[in-house]
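# Overview (structure and organization)
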Amino acid sequence: MKEFDIEEELKKLPHLPGVYLMHSDSEEILYVGKATSLHNRVRQYFRKGHGHGGSPKITKMVSQIAYFEYIVTGSEMEALVLECNLIKEYRPRYNTLMTDDKGYPYIRVTVDEPYPRILYSHQMRRDKSRYFGPYTDGRAVHDIIQLVQKLFRLRTCNRKLPRDIGKERPCLYYQIGQCSGPCDDSLITEAEYQEQIRQAISFLNGNTGDLLSRLKQEMKQLAGEMEFEKAAEIRDLINSITHIMDKQRMNDTTQDNRDVVAFARGAEDTVISVFFVRDGQLLGRENHHMSADAEESDDQVLLEFLKQYYSSTPYIPKEILTRIPIPEPELLLSYLSEKKRRKVVLLHPQRGDKAGLLKLAEDNARLVLEQDMERIKKHEKRTTGAVQEIADLLQIRTAARMEAFDISNISGYHSVASMVVFENGEPRRNAYRKFRLRTVEGPDDYASMKEVLTRRYTNEKLGPLPDVLMMDGGKGQVHVAEMVLDSLGIEIPVCGMVKDDHHRTRGLYYKDREVIFPKGSEAMHMITALQDETHRFAITYHQLLRSKGQVHSILDDIEGIGPKRRRALMLHFQTIEAVRDASVEELLSLPEMNQAAAESVYRFFHKEDDSSCPV
């Protein structure tokens, strides 16, 4: 396999705007940045003494770069938004001190209230409000909010309506004609106010033509009447509207969920680029490699990809854009609509914004085909290739989505559990879940796992069912999982991830036998990564709760043992098992312990013995 030659790849960089991602040799994303010219910007990192003043931080980062990738965008503005989304998704270590985590602002309409308000928001929350954005100019957003409030006479107060209706007189904004006074039900009804909100939402959706025409006419009239200050105010309002409309469309974030699928073909290889547009913004993309004979037509290659890709991906968008039609699309669309439980459409735009997105995806696919094919093949071998190996070893249809569980019970602290999800061989961190045990007291891993699996597989909100369930343990944990699934009437293959005497992943326990991985296989590396990630996630969650004082140690249940003695016991004995096995004499060797405390600890762990405490 050809290694990634940075010097050679630098020569191929396009003079186009886009986003670049710096990777380490372990494929960790070190840094995400944007550029007006990818060719000029990325090359700067590899010039001695150039770029960022040769700071120690950047110098250290550059020393760890094994390869880079990039995404070409249609404009620098698109690169800005994409950069922000990728940084939020991957949290690269070298972006932490260089990126404003607030992201881009949104306009929020509190439509869940009887008398809604229009507010400025730093992020889009999962509530019942309507959101518009994100926008890249915070000042212009403030101007638009003030404009909408003024034009449609919407309230700006924080009064709880209708609860507070009639309690106070209408405020100054009503007196100067900038609020319709919903705090007094004699001035406007709820239905009339809701109509004003509807008009405001229509405006935020981009229906600004009539309003701009009216404002321009009013500005000219005021100027003709020598009211230049008022005319200037309206001019500034017009500029605020056109400024945002020129920079990026006002997208209603309850719409515009689509995938843009494009491809480029070579003599033997085909690259498919899938761009993800969610809530009106470009979130990211994936590249996929396909082997296709020259005799196969473009529409047949596209059809095969769509079938394979959407049969395994957990999310299906409302729209799928492709340049060319596929043969007999009705069957595929019927399948996708049934899977999504909502109508899915396949579009082939030839002009406009959607066609522009298609061209962008096609340009990326062509660049990948020309420059990054070897790296794509290597990545696919480690991910989808490893997933197929696992499915073949287990003799199951697919292992595209794997869920793994681990119980963390550290030093006698109460248990927590973690669920880690790998899809198509890669971590899906937004699908990870944490569980605090509710019904299990003490370190009982089997009972803990039974509770966690029952909660997971009776809650549809936790995502689709996996193709394979991976338990961080052997026969006992597998049988617990099988028992839980059987009681729920769910059929999912269950495997135990088995380690050897050196704590290295050795194989899978499946159907009462051990499946051994071929030495050095990608399947073995994949399961090792899954097992390590599951354990890391559980430990991290447990440590977080401990740091906040939200977990409870078994030592806290012993009379006479407070935080100071508990800490001393754990520092000296290291584990709960060692404390349990200690004699009273050994317990008394600690300066913090007295006779009564030592005997209390001994009795707690030897309740089945007689009441005497041997010294």
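Per chain, residues are indexed from 1 in the order of the written sequence. The model is predicted, so local features are restricted to residues of pLDDT at least 70 and side-chain atom pairs to those at 80 or more, both for listing and for counting; the totals for chains, interfaces and linings are taken over all residues. Only hydrogens and water are set aside when side-chain values are computed; all heavy atoms of the structure are taken into account.

Now for the overall build of the protein. A tally of helices and strands in the protein yields 21 helices and 19 strands. Any two residues having at least one pair of non-hydrogen atoms within 4.5 Å are treated as being in contact. Partitioning the intrachain contacts of the protein with sequence separation of at least 6 by distance along the chain shows that 61% fall at a separation of at least 24. Counting only carbon and sulfur atoms, one obtains 48% of the accessible surface of the protein, whose full area is about 32300 Å². In this text, helices come from DSSP runs of H or I with a minimum length of four residues, and strands from runs of E with a minimum of two, each type numbered from the N-terminal end. Working definition of accessibility: Shrake-Rupley area with a 1.4 Å probe, residue cover restricted to the visible protein chains.

Looking now at a negative patch on the surface. Each patch is built from residues that are more than 30% exposed by relative accessible area and take part in no salt bridge. Like charges join if they lie within 9 Å; nonpolar side chains (Val, Leu, Ile, Met, Phe, Trp, Tyr) join within 5 Å. Take a side-chain nitrogen of Lys or Arg and a carboxyl oxygen of Asp or Glu: if they are within 4 Å of each other, that pair is a salt bridge. By the counting rule applied here, Lys and Arg register as positive and Asp and Glu as negative, while His and the ends of each chain are not counted. Every charge is mapped onto a representative atom, which is NZ of Lys, CZ of Arg, CG of Asp or CD of Glu. On the surface, a cluster of negative charge is contributed by Glu-225, Glu-227, Glu-229 and Glu-233. With respect to the element layout, Glu-227 can be found in the loop between α8 (209–224) and α9 (228–247). The class for Glu-227 is partly exposed, based on a relative accessible area of 34%. Buried residues are those whose accessible area, probed at 1.4 Å on protein chains only, stays under 20% of the maximum for their type, while exposed residues exceed 50% and partly exposed ones sit between those limits.

Moving on, we come to the pattern of salt bridges. This structure, assessed with the given rule, holds 25 salt bridges. Lys-12 is the salt-bridge partner of Glu-9, the closest N and O atoms lying 3.6 Å from each other. Relative accessible area serves as the criterion here: at 5%, Glu-9 is assigned to the buried category. On the accessibility criterion, Lys-12 (26% relative accessible area) is partly exposed. As a salt-bridge pair, Arg-163 and Asp-164 come within 3.0 Å of each other at their nearest N and O atoms. One continuous salt-bridge network, built from bridges that share partners, spans Glu-286, Arg-401, Glu-403, Glu-423, Arg-428 and Arg-456.

A word on the sheet that holds strand β3 (residues 67–72). Strand pairing is assigned whenever DSSP identifies at least 2 bridges connecting the two strands. The strand order β2-β1-β3 describes an open sheet built from three strands, whose pairing is antiparallel. Looking at strand neighbours, the two that pair on one side only are β2 (29–35) and β3, the edges of this open sheet. On average, each strand axis in the sheet is inclined to that of its neighbour by 20 degrees, with strand direction left out of account. Pairing of strand β1 (residues 18–23) with β3, which is carried by six bridges, proceeds in the antiparallel orientation. Across the sheet, Val-19 pairs through a bridge with Ile-71, a residue of β3. Axis definition: a line fit to C-alpha positions, over the contact stretch in the case of helices; interaxial angles, taken between N-to-C directions, run 0 to 180 degrees.

What follows covers the packing of helix α15 (residues 445–456) against helix α16 (residues 475–488). Two elements in contact, α15 and α16, have axes separated by 9 Å at closest approach and are oriented at 35 degrees. Viewed along their axes, α15 and α16 form a crossing whose handedness is right-handed. Side by side, α15 and α16 meet where Asp-445, Tyr-446, Met-449, Lys-450, Leu-453 and Thr-454 of the first sit next to Gly-476, Gln-477, Val-480, Ala-481, Met-483 and Val-484 of the second. Among the residues making up the contact of α15 with α16, the classes are represented as seven nonpolar, three polar and two charged. A crossing counts as left-handed when the near helix is turned anticlockwise from the far one by less than a right angle, and as right-handed when that turn is clockwise. Amino acids are sorted into nonpolar (Ala, Val, Leu, Ile, Met, Phe, Trp, Tyr, Cys and Pro), charged (Asp, Glu, Lys and Arg) and polar (every other residue, Gly among them).

Buried residues dominate strand β17 (residues 494–499), accounting for five of its six residues. Note that strand β16 (residues 468–471) and β17 share three bridges and pair parallel. Opposite Leu-469, over in β17, you have Val-494 as the bridge partner. Looking down the strands as they point away from the viewer, one classifies a crossover as right-handed if the path from the first strand across the helix to the second runs clockwise. Regarding the hand of the β-α-β motif, the stretch spanning β16, α16 and β17 is right-handed.

This next bit is on the sheet that holds strand β5 (residues 118–121). Paired through their backbone hydrogen bonds, the strands of a sheet run either parallel or antiparallel. Taken in spatial order, the three strands of this open sheet run β5-β4-β6, and their pairing is antiparallel. Where the open sheet ends on each side, the last strands, each with one partner, are β5 and β6 (130–132). Within the sheet, the average angular offset between the axes of one strand and its neighbour, ignoring direction, is 30 degrees. As paired strands, strand β4 (residues 106–109) and β6 are joined by three bridges and run antiparallel to one another. Note that in β6 the partner of Ile-107 across the bridge is Phe-132.

Right, let's get into the packing of aromatic side chains. Think of it this way: a Phe, Tyr or Trp ring, Trp meaning its six-membered ring, pairs with another when their centres are within 6.5 Å, and the plane angle makes it stacked under 30 degrees, edge-to-face over 60, tilted otherwise. Summed over the entire model, instances satisfying the criterion amount to eleven aromatic pairs. Look at Tyr-20 and Tyr-31: their rings are 6.1 Å apart centre to centre, the planes differ by 35 degrees, and that puts the pair in the tilted class. Within this pair, whereas Tyr-20 is found in strand β1, its partner Tyr-31 is found in strand β2, the two being separated by eleven residues in sequence. The same class applies to Tyr-20 as to Tyr-31, namely buried. Taken together, a centroid distance of 6.2 Å and an interplanar angle of 55 degrees make the contact between Phe-152 and Phe-203 tilted. One end of the pair, Phe-152, is in the loop between α5 (138–151) and α6 (172–175); the other, Phe-203, is in helix α7 (residues 190–204), and 51 residues separate them in sequence. Comparing Phe-152 with Phe-203, the two get one shared label, buried. Among the aromatic residues, those joined into a ring-pair cluster are Tyr-20, Tyr-31 and Tyr-45.

On the surface, Leu-172, Tyr-173 and Ile-176 cluster together into a nonpolar patch covering about 320 Å² of accessible area. Within the fold, Leu-172 resides in helix α6. On the accessibility criterion, Leu-172 (61% relative accessible area) is exposed.

Given a helix with a known number of residues, its expected span is that number minus one, times 1.5 Å. The terminal C-alpha atoms of α15, which comprises twelve residues, lie 16 Å apart, in line with the 16 Å expected from a rise of 1.5 Å per residue. Every buried residue of α15 is accounted for by Ser-448, Met-449, Glu-451, Val-452, Leu-453 and Arg-456. Where α15 is buried, its residues touch β12 (401–408), β13 (416–423), β15 (433–436), β16 and α16.

When pLDDT is low, close inspection of the predicted coordinates is not appropriate. In predicted models, pLDDT denotes the confidence assigned by the predictor to each residue on a 0 to 100 scale. With 83% of its residues at a pLDDT of at least 70, the protein reaches an overall mean of 80. Counted against residues more than four places away or in other chains, residues 247–254, with its pLDDT under 50, gives 29 contacts. Here residues 608–615 is modelled with pLDDT under 50, and outside its nearest four sequence neighbours on either side it reaches nine contacts, counting other chains as well.

Count a disulfide wherever a pair of cysteine sulfur atoms falls within 2.5 Å. Counted by the stated rule, this structure contains zero disulfides. Of all cysteine sulfurs, the one in Cys-171 lies closest to Cys-157, which takes part in no disulfide; the gap is 6.1 Å. Residue classification places Cys-157 among the partly exposed positions, given a relative accessible area of 23%.

Attention now goes to α8. A rise of 1.5 Å per residue sets the reference length of α8, with its 16 residues, at 22 Å; its end C-alpha atoms lie 23 Å apart and thus fit the reference within 8%. The complete set of buried residues in α8 reads Leu-211, Leu-212, Leu-215 and Leu-222. Take α8 and look down its axis: the buried residues cluster within an arc of 95 degrees, on one side only. Exposed and oriented more than 90 degrees from the buried face of α8 are Asp-210, Gln-217, Lys-220 and Gly-224. Met-226 sits one or two positions beyond α8 and adopts a positive phi of about 65 degrees. The arc in question is traced by the directions running from the helix axis to the C-beta atoms.

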